[in-house]
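Notes for the structure review
Given next are the chains, with one letter for each unit.
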Amino acid sequence: PNSVEAEIEIETHPISLGVLLKAAFGAPTTVTSGAIYTHTFKPRTTDFDAYAANIPVNMVKSYVGDVGSAHQYYDMVASKISFNIANGDFLKTKVSFMGGKYSQLAAPAVSYPTGNSNIAWNVSSMSLGGTANSAFKEISVEVDESLANIYTLNGTKTPARTKRSGFRKIAISGTIVFDDQIEYQKFLVQSNQAMVLTLTNATQIQSGYYEQFVITAPSLLYTEFPINAGGPGKIEVGFTSKANYWTTSATALAITLVNTQAAY
């Protein structure tokens, strides 16, 4: 069997990010205000079609200065997407793709977003249960669609379908400075709470508007909150949690991207 499985990781730019979000979640709902566009992405409630769980993606890889053919990987499907922000770093976005079709073609002409507006750690803020929390040192959000390539007797060695092999899993983990026991008590009683991670770039893109990336989990539940005192330094906790489906919001996760890109 032939297969192509790989990851793409970027230091997140608010324009190019939308391409990866669409691959992972499908087309967004977009609200327009002048030249500002607010795109809202949510996990799919139905598969794209009978053959692919998400939108099939075409990727082309070429080498700078190479006059040879470019490499094309097509009918690829995003199986996992994650976002990680840590102190002192850029927001990193990673997408795992899987599929199996390959060909070569002439290298295409490409264009890229301009400007130095990659999203950095110092524009982030966290809210838990409606209350701001400044104790987080890093946080990671991962959406795993649990996909698998399926091969059939169809005259080819490539996957005939890329479909679900299990339930979608949304994991949220990170490191929090143990200033108090508020979050620990929520873990002990297993209470659900809303989490909102907001990253807003400082440069205006229109009067009163800024590029923004917001992750909302309406029902976050801690699964591990191990407190370890290993020395005289400040205690930090590496926690894990999951995002559950919340009927009021009709989703387990919502991602909002505000920028100047009209559509994806």
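This text goes with the structure placed above it.
Now for a description of the structure that goes with this document. As a convention, each chain's residues are numbered from 1 in the sequence order in which they are written. Totals for whole chains, interfaces and linings use all residues, but because this is a predicted model, local features are given only for residues with pLDDT of at least 70 and pairs of side-chain atoms are given and counted only at 80 or more. Computation of side-chain values covers all heavy atoms of the structure but excludes hydrogens and water.

**Some remarks on the overall build of the protein chain**
The condition that has to hold: Runs of H or I in DSSP of at least four residues are treated as helices and runs of E of at least two as strands, each being numbered from the N terminus. Atoms counted for the radius of gyration: C-alpha only. Globule rule: 2.2 Å times the number of residues to the power 0.38. We call a residue buried when its accessible area falls under 20% of the maximum for its residue type, exposed when it is over 50%, and partly exposed in between, using a 1.4 Å probe and counting protein chains only. We call two residues in contact whenever any of their non-hydrogen atoms come within 4.5 Å of each other. For accessible areas, the Shrake-Rupley method is used with a probe of radius 1.4 Å. Any residue's cover is judged against the shown protein chains and nothing else.
Along the backbone of the protein chain there are two helices and 17 strands. A compact globule built from 264 residues would reach a C-alpha radius of gyration of about 18 Å, and the protein chain, at 20 Å, matches this within 12%. Per-residue burial over the protein chain gives 41% buried out of 264 residues. Contacts in the protein chain between residues far apart in sequence, at least 24 positions, make up 69% of those at least 6 positions apart. Accessible surface computed for the protein chain: about 13,900 Å², of which carbon and sulfur atoms make up 52%.

**What to know about the pairing of strand 2 (residues 29–33)**
Definition in use: Whether two strands pair comes down to DSSP finding at least two bridges between them.
Note that strand 2 and strand 3 (residues 36–41) share five bridges and pair antiparallel. Across the sheet, residue Thr-30 finds its bridge partner in strand 3, namely His-39. Following strand 2, the chain reverses through two residues before pairing antiparallel with strand 3; Gly-34 in that reversal takes a positive phi of roughly 65°.

**Observations concerning the environment of Tyr-245**
Examined against the element boundaries, Tyr-245 turns out to sit in the loop between strand 16 (236–243) and strand 17 (254–259). Given a relative accessible area of 54%, Tyr-245 falls into the exposed group. Separated by 27 residues in the primary sequence, Tyr-245 and Pro-218 have C-alpha atoms spaced 7.9 Å apart. Tyr-245 has contacts with Ala-250, Thr-251 and Ala-252, leaving out every residue within four places of it along the chain.

**Focus: the nonpolar core**
The following threshold applies: Here, the term nonpolar core denotes a set of buried Ala, Val, Leu, Ile, Met, Phe, Trp, Tyr and Cys residues that are joined through side-chain atoms within 4.5 Å.
Counting residues in hydrophobic clusters, the biggest one holds 50 residues, and the most contacted among them are Leu-21, Phe-83, Met-195, Phe-213, Ile-215 and Ile-255. Excluding residues within four positions of it along the chain, Ile-255 makes contact with Leu-21, Phe-25, His-39, Thr-40, Phe-41, Phe-83, Phe-213, Val-214 and Ile-215. In terms of nonpolar packing, the next biggest core, distinct from the first, is built from five residues, Ala-52, Ala-53, Val-77 and Met-98 among them.

Function cannot be read off these values alone, since they describe shape.
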